[in-house]
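A closer look at the structure
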Amino acid sequence: MAETATAAEKEITKEELKQEVLNDYRLANYSREISLMGRREVLTGKAKFGILGDGKEVAQIALAKQWQPGDWRSGYYRDQTMMMAAGQLPGEQFFAQLYADADLEREPASAGRQMNGHFATRSLDENGNWLTLTEQVNSSPDISPTAGQMPRLLGLGLASKFYRENKELKDHKQFSNGGNEIAFGTIGDASTSEGIFWEALNAAGVMQVPIVMSVWDDGHGISVPKEFQTIKESISEALSGFQRTKDKKGFEILKTKGWDYPHLVLTYEKAAKIAREEHVPVLVHVEEVTQPQGHSTSGSHERYKSPERLQWEKDFDPITKMKEWVLSKGIATPEELEEIEMAAKKEARDAKTNAWKAFLEPIKKEHQEAVVVLTQLGAESKNAVFINKLKDELAAAVDPLRKEIYETIRKAIRYARNEQTAGKQAALKWLKDHMAENEERYSSHLYSASEDSPLEIAPVAAEYKEDKLVDGREVLRDNFDALLSNHPELIIFGEDSGKIGGVNQGLEGLQSKYGVNRVFDTGIRECTILGQGIGMAMRGLRPIAEIQYLDYLLYALQIMSDDLATVQYRTKGGQKAPVIIRTRGHRLEGIWHSGSPMGVIIHALRGMHNCVSRNMTQAAGMYNTLMAGDDPAIVIESLNGYRLKEKLPTNLGEFKVELGKVETMTEGEDITIVTYGSMVRMCVDVAKQLREVGISAEVIDVQTLLPYDLSQDIVESIKKTNRVLFVDEDVPGGASAYMMQKVLEEQGGYRFLDSAPATLTAKAHRPAYASDGDYFSKPSNEDIFEKVYAIMNESDPGSYPALFS
Ligand SMILES: Cc1ncc(C[n+]2csc(CCOP(=O)(O)OP(=O)(O)O)c2C)c(N)n1
C-alpha cells in the first residue's frame, strides 16, 4: 500500500513538475513576445520609448517562485517577467504603460505618469488608506536613476526585522506576519558602479537585513562594458569580502547563470530560504545574461557589441537554452513546445491589440466631441473660415493624442475672442471641464489626498502648568518620549541618535527606555538612512530618520527628491511613505555647519512638507502634526536653539502646529518682515530697535515653507503696512525669492505696495567660520535694521533721514 502511494505521489509530482516547467516556458515566451512587440510599437510611432526585459525572462521566473504574499520588490526597468510571473502585470497593463495610458485601472502602476518598465503594486485603496499588504505580493514603485532602488530596498527588508523583534508590533498583521517577509532587489551589473549600491549593501550586511539582491549581469551598461564598470569585471568577486563566514556576519553570495533554468530555480530557492529563515542578506550574481534587442529602443547594440558577442547572445538565449533543457530531459516534445510558443505569441498580440484599443477609446470620444464643439463654434463665428480649417484638420487626424485636440480647440477659441455666441460658450465649457480632468490626470497626488493628510490636522496649542524653563532640547526630548510611548510603530535612527541620544541630546535616555529597536545608531550614510526610512514607511512603520546636520542633507537629497518626494505622485496615490526627516541647521559657524540651502531643498522636494522651526517647542509641535498625518516631511531645528530656555508644555506629544499657517510675532504698521527659522528671533529683536527710531515693523514667522501661508495672511499684513521685506539665511534669490513670488504673485501683494519689495539674504558664498565669519556672511541685526531703515528713508526721507550721509 505504502509503496503504491509513493509511486502515485511520484507520478503526480512528475506531472505537476511538467506543468510547472511548461507554464514557465509559456511565460518566458509570452514575455519575450511582448518585448519584441514593445520595440516595434515604438519604432512604428505608437509609443515614445521602450525599455524591455528580453534576456532576463528565465532568471526572473525562477526568482518569482519565491516571491510570496507580504514580500517586497525594489527593482528596475528590466523586471517585466518577474512582475508577470507574480501575476502583477498582465500584458494589457504592460502595453498600457508603454502607450502612457493615463487610466488608473488600465495602468495601475503610475496611471501613465511613468515611462514603460517602471513597475509598482498598489498599497492604498482609493481613499489613501492601507490595504492588507500581507495578502499581496508588493512592488515598491520604480524610479529611473540607476541604483536608486537600493536605499529603499534596505528599508523594505529592515522593516521585517522590526516586525519580528519589536513585540509591540505583533498586531500589525496588515503589514507583516511576524517579520517573515523578505525584500527582493534587482539591479543591472553596470549600475553597481553607483556609490549608493555599495552604501546600501554595506548597511544591509551590518544590520543583517533579509534581502535577496539579484544582479542581472549582461556585461554592459548601455554601451560601456564591464571592464570600465566593475573591479575585476565581476560584482561577486568584488564583493567577496562581504561573504559571511562561520564567525563573522555578512552576506551569502550565490552565483548562477541567466540561461540555466534548473540551476536558477535551485539558487533562488536557497537564497530565499536563507534570507527568510535566518534574516541574512543574500546576493545572487546572475551571470551570462543576454540582451537580445539591446539596451532600449533608442539605439541598436550592433554599434557596440562584437559579432562574437552577438552570436554568443543568440546561442545562450535563455529561452533557447531552456527549450534545449526541456527536450533533453524529455519533459515535453518539440511539438508541444511549438504549440506553447504559438499560443504565447497570440496571447501577447491580443494583449497589445486590446491595450491599444482601450487606450484610444476615451481619446476618440474626446476627439469626436471636440469636432462637434468646433463645428458649432465655426458655424456661429465671423472667423468661420479659420475655425473650420482647424476643425477639418482635427477631424481628419488619425488617432490624435489629447495634445492635438487641446491645441486645436484653444487656437480656435482665439478666433472667436470678440464674439459672444452659444457656440463659444459651449467650447469654453467643454475646455474648462476637460482641463479639470487633465489636471486630475496629470497633476493630482503630489501630496496625500487621504483623510490623514497633515493638512487636515487641526492645531492644538501647547499648554503649560507652571512657568518652568528648561533647555530647548529637553522640550524636544520629552516630546519624543511621548511620541515613542504613543506610537509603537515610531522608530528613530541616525548618526549618534541611539547610545548618546543625539549630538544635541534631543533623544537623551530614550534608547535605554525604549530599546535598540526603537531608537538607534546608524553608520555614517545619509543617503541610505533616508532609504531605510522610505522602505520602512512603505511597510506601515513611522520612521524619523535623522540627518545630523542640514549641510549633510545633500548626500540624501537625490534620494529624497527622486524617490521620497515622488512616491504619491508617481503612483497616483497608490503608495505612500510618510518618513519624517529630522535635521538641524541655520545659524552656527563654518562652511559645513551653518548652511541654510533652503532654496535647494524646497525646489528639489515638492511632494514633501518643509517645516522650519524657530525654537524647539515649535519643532515638537511640527513632529506631532506630522506623526498624526501621512505625508513625508522635513523638520529643520535651529542649531543655536538647543540650550535656549523654553517653557515645558504639559500636553507633550499632543500640541500641534498647523502646516501652512503663519504666526505673527510682532504687530506693526510700517513694514512687514517675513522670515523663518533662526532669523525669527533676530527680526523680533530688530523690530524692538526699530521702534526706538519710530518704525513699527510687523514680523511674521512663516513656520512652513511647503506649504506656504495657505490662508494668505501675509498679504493681509501688507494691506496694512504697504511694504514688505523677506529675510532669510539662504543665498540671494533662494528661498527669499520663492517667498516673494508666493506673496507678490500668488497673493497679489504687489497691488498694495508703496515701496519696492525687498529681500535680505546671506552672501552668495558659504558662511565663513566663527562669530565674525557669521556676522559678515549672514544677515546681522544691523543689516536688518539698516535695510528696513533704507526702505523707510526712500519712502519718507523727512521722517527717516539717511543713516549714512
Ligand atoms: C543616475 C543615472 N545615470 C544614468 C542613467 C542612464 N542609464 C539608464 S540605464 C543605464 C545603464 C544601466 O546598465 P545596467 O545597470 O547594466 O542595466 P541594464 O540596462 O543593462 O539592465 C544608464 C547609464 C540613469 N538612468 N540614471
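Provided above is the structure to which this section pertains.
Residues numbered from 1 in each chain as written. Predicted model: local features only at pLDDT ≥ 70, side-chain atom pairs only at ≥ 80, totals over all residues. Heavy atoms only, no water.

**As for the site of the ligand**
- Lining the immediate environment of the ligand, one finds 17 residues, of which Tyr76, Tyr77, Arg78, Ser191 and His220 sit closest.
- Residue Tyr76 places a side-chain N or O atom 2.7 Å away from an oxygen atom belonging to the ligand.
- Within the side chain of Arg78, one N or O atom sits 2.8 Å away from an oxygen atom of the ligand.
- Here the ligand loses 71% of its free accessible area of 590 Å² to cover by the protein chains.
- Partitioning the shell around the ligand into residue classes produces five nonpolar, eight polar and four charged. (Near = heavy atom within 4 Å. Polar contact = N/O pair within 3.5 Å; in protein donor to acceptor, adjacent residues only side chain to side chain. Areas by Shrake-Rupley, 256 points an atom, 1.4 Å probe, with all protein chains shown as cover. Nonpolar A, V, L, I, M, F, W, Y, C, P; charged D, E, K, R; others polar.)

**Details of helix H21 (residues 616-628)**
- Over its 13 residues, H21 extends 18 Å from the first C-alpha to the last, a length consistent with the 18 Å expected when each residue adds 1.5 Å.
- Among the 13 residues that make up H21, twelve are buried, leaving the element largely enclosed by the rest of the structure.
- Listing the buried residues of H21 in full gives Met616, Thr617, Gln618, Ala619, Ala620, Gly621, Met622, Tyr623, Asn624, Thr625, Leu626 and Met627.
- Measuring from the side-chain oxygen of the N-cap residue of H21 to the backbone nitrogen of Thr617 gives 3.2 Å; that N-cap residue is Asn615. (Helix = DSSP H or I, 4+ residues; strand = E, 2+ residues; numbered from the N terminus. Expected span 1.5 Å × (residues − 1). Buried < 20%, exposed > 50% of the residue type's maximum accessible area, 1.4 Å probe, protein only.)

**Topic: a nonpolar patch on the surface**
- Taken together, the side chains of Val385, Phe386 and Tyr415 make up a nonpolar region of the molecular surface, amounting to roughly 300 Å² of accessible area.
- Relative to the assigned elements, Val385 resides in helix H12 (residues 384-396). (Patch = residues over 30% accessible without salt bridge, like charges linked within 9 Å, V, L, I, M, F, W, Y side chains within 5 Å. Salt bridge = Lys/Arg side-chain N within 4 Å of Asp/Glu carboxyl O.)

**Observations concerning the sheet that holds strand S2 (residues 138-139)**
- Pairing within the open sheet is parallel, and its six strands lie in the order S2-S1-S3-S4-S8-S7. Edge strands, defined here as strands with exactly one partner in the open sheet, are S2 and strand S7 (252-257).
- Each of strand S1 (72-74), strand S3 (183-188) and strand S4 (211-216) touches helix H5 (residues 149-165); the most contacted strand, S3, lies at about 165° to it. (Pairing = 2+ DSSP bridges. Contact = heavy atoms within 4.5 Å. Axes fitted to C-alpha atoms, helices over the stretch in contact; angles between N-to-C directions.)

**Considerations on the side chain of Ser453**
- The residue Ser453 is located in the loop between helix H14 (422-443) and strand S9 (469-471) in this model.
- If we ignore the near neighbours within four places in the chain, the residues touching Ser453 are Ser448, Gly629 and Asp630.

**Notes on the nonpolar core**
- In this structure, Ile581, Leu705 and Tyr708 are the most contacted members of the largest nonpolar core, which totals 83 residues.
- Apart from residues no more than four positions distant in its own chain, Leu705 is found in contact with Met598, Ile602, Asn610, Val612, Tyr676, Tyr738 and Met739. (Core = buried A, V, L, I, M, F, W, Y, C linked by side-chain atoms within 4.5 Å.)

**Observations regarding the packing of aromatic side chains**
- This structure, assessed with the given rule, holds 23 aromatic pairs.
- Centroid distance Phe94 to Phe95: 5.4 Å. Interplanar angle 85°. Geometry classified as edge-to-face.
- Relative accessible area serves as the criterion here: at 2%, Phe94 is assigned to the buried category.
- Its relative accessible area of 0% is what places Phe95 among the buried residues.
- Across from the ring centre of Trp356, 4.7 Å away, lies the NZ or CZ of Lys46, which sits over that ring.
- Directly above the aromatic system of Trp259 lies the positively charged group of Lys321, at a separation of 5.3 Å from the ring centroid. (Phe/Tyr/Trp six-rings, centres within 6.5 Å; stacked < 30°, edge-to-face > 60°. Lys NZ or Arg CZ within 6 Å of the ring centre and 35° of its normal.)

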